[in-house]
Amino acid sequence: MSEIQTVSITSFVSLPLVHRGKVRDVYQVNEEELLLVATDRISAFDYVLPTPIPQKGAILTALSAFWFEKLKSIVENHFISCDFDEFPAAIRQHEELRGRSTLVKKTKVFPVECVVRGYLEGSGWKDYQVTGNVCNYNLPENLRQCEKLPRPIFTPATKAQTGHDENISESEFANIVGAETAEQLRSISFEIYKQASSYALTRGIIIADTKFEFGLDENDNILLIDEVLTPDSSRFWSLDNYAPGASQSSFDKQFVRDYLETLDWNKQPPAPELSPHIVEATTARYSEAYRILTGKNLEINEK
Ligand SMILES: Nc1ncnc2c1ncn2[C@@H]1O[C@H](COP(=O)(O)OP(=O)(O)OP(=O)(O)O)[C@@H](O)[C@H]1O
Ligand SMILES: [Mg+2]
């Protein structure tokens, strides 16, 4: 197999860039459509690392497309196509966009992250250790790290422009999006989590927690947008190896974080390079999550 090309950054004179996130570059295609380009960038501890992860952008793109299709009966979504050969000519001239790009309906984004947690980990576990609650949800005593919660909880956050997203209470959430919309986003988020996590369990993956984003289309319909249920937006654990009481090995970049913790990096820029075996193992983790969830190997079709 030929060496797979990585893409760390994109830029085109013919397409206006509207946003560059830590992982994705977003272009305006026309008044109604955007192109979301998942690069191979990886971030950890809020910094983009200098080393790209081969296939990561393609995996995130294909996995989101899989979920948009699967979840479309719950809520409409922004997905138009990720078939490069169907894209407008202005995009097709940029071969490096193949496989990593999604044409989507442009929406007015709600400036909130809709987080659903089914298990106690991350900031939820930190919160629980200090307060015995998670974001004002009263929980039973003596829950262990990564333990399954009695029922999933909704812990919205703001979409911070820089740095960490901040958890907000449900009333702050309602103030931002309006009470009626708040209730809709909450119930849609729960329903997606419920259906997706039951499906994932049948494939041997626990979706411990995840975050969704929503936007309004031109008719004020709520659309599910952004990326969905990827290792970058969710914690995926192997059901077979699940053992609460400690952190779980996950399909996301925990592996990369653990590696970075072994270096004496002070978590300030510049972030260190990843070693080749960490890069390879990270690609393998992302591919494995895709293969298990979809039942298929991702074909990277380069021309
Ligand atoms: N259909 C859509 N309409 C409008 N904006 C969208 C749509 N889908 C996704 N977006 C926006 O595109 C951006 C994707 O960028 P990306 O996720 O890489 O960066 P980010 O979320 O801004 O920052 P971070 O680096 O913390 O992830 C997000 O701001 C997201 O809200
Ligand atoms: Mg994002």
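Residues numbered from 1 in each chain as written. Chains lettered and ligands numbered in written order. Predicted model: local features only at pLDDT ≥ 70, side-chain atom pairs only at ≥ 80, totals over all residues.

(A) Focus on the overall build of the protein chain. In terms of helices and strands, the protein chain carries seven helices and 16 strands. Its C-alpha atoms give the protein chain a radius of gyration of 19 Å, near enough to 19 Å, the size a compact globule of 303 residues would have. Dimensions of the protein chain along its principal axes, counting C-alpha atoms only, are 60 × 50 × 40 Å. Looking at the protein chain residue by residue over its 303 residues, the buried ones come to 38%. A separation threshold of at least 6 residues defines the contact pool for the protein chain, and within that pool the share at least 24 residues apart is 66%. (Helix = DSSP H or I, 4+ residues; strand = E, 2+ residues; numbered from the N terminus. Rg over C-alpha atoms; globule rule 2.2 N^0.38 Å. Buried ≥ 20, exposed ≤ 12 C-beta atoms within 10 Å, placed from the backbone. Contact = placed C-beta atoms within 7 Å.)

(B) Helix H5 (residues 179-202), seen in detail. Taking 1.5 Å of rise per residue, the 24 residues of H5 would be expected to cover 34 Å, and the 35 Å separating its terminal C-alpha atoms lies within 8% of that figure. For H5, every residue scored as buried is listed here: Ala182, Leu185, Ser189, Ile192, Tyr193, Ala196, Ser197 and Ala200. Elements in contact with the buried residues of H5: helix H1 (56-71), strand E9 (112-119), strand E12 (148-154), helix H4 (170-177), strand E14 (205-216) and helix H7 (276-294). A positive backbone phi angle near 90 degrees is found at Gly204, which sits one or two residues after H5. (Expected span 1.5 Å × (residues − 1).)

(C) Quick peek at the site of ligand 1. Looking at ligand 1, there are 18 residues lining it, with Gly21, Lys22, Arg24, His78 and Ile225 nearest. Secondary-structure elements contributing two or more residues to the shell around ligand 1 are strand E2 (24-28), strand E3 (33-38), strand E7 (101-105) and E14. (Near = placed C-beta within 6 Å.)

(D) Structural context of unusual backbone geometry. With an omega of 0 degrees, the peptide bond between Pro269 and Pro270 qualifies as cis. Assignment of secondary structure puts Pro270 in the loop between helix H6 (254-262) and H7. For Asn142, which is not glycine, the phi dihedral falls at a positive 60 degrees. One can find Asn142 in the loop between strand E11 (137-138) and E12.

(E) Geometry of the nonpolar core. Core analysis: the biggest nonpolar cluster contains 58 residues, and Ala196 and Ile207 have the highest contact counts within it. The leading source of residues in this core is H1, at eight residues. Once you skip the residues sitting within four places of it in the chain, Ile207 turns out to touch Gly118, Ala196, Ser197, Ala200, Leu229, Ser234 and Phe236. Formed by eight residues, the second largest nonpolar core is a distinct cluster that contains Ala44, Ile53, Val256 and Leu274. (Core = buried A, V, L, I, M, F, W, Y, C linked by C-beta atoms within 7 Å.)

(F) Main features of the packing of H4 against H5. In contact at an axis separation of 7 Å, H4 and H5 are set at 115 degrees when each is read in the N-to-C sense. Considering only the axes of H4 and H5, their crossing is right-handed. Contacts from Phe173, Ala174 and Val177 in H4 reach Ala179, Thr181, Ala182 and Leu185 in H5. Among the residues making up the contact of H4 with H5, the classes are represented as six nonpolar, one polar and no charged. (Axes fitted to C-alpha atoms, helices over the stretch in contact; angles between N-to-C directions. Left-handed = near helix turned anticlockwise from the far one by under 90°. Nonpolar A, V, L, I, M, F, W, Y, C, P; charged D, E, K, R; others polar.)

(G) Summary view of the environment of Glu147. By the secondary structure assignment, Glu147 is in the loop between E11 and E12. Along the primary structure Glu147 and Ala208 are separated by 61 residues, whereas in three dimensions their C-alpha atoms are 9.4 Å apart. For Glu147, the residues in contact, after removing those within four places along its chain, are Tyr119, Leu120 and Pro244.

(H) Quick look at the pairing of E3. Counting buried positions along E3 gives five out of six residues, so the element sits mostly inside the fold. Bridging between E2 and E3 involves five bridges; their strand directions are antiparallel. Residue pairing across strands places Gln28 opposite Leu34, the latter belonging to E3. Between E2 and E3, which follow one another and run antiparallel, lie four residues. Two strands pair when backbone bridges link them, and E3 and E7 are joined in this way by five bridges, in the antiparallel orientation. Bridging across to E7, Val37 finds its partner in Ser101. (Pairing = 2+ DSSP bridges.)

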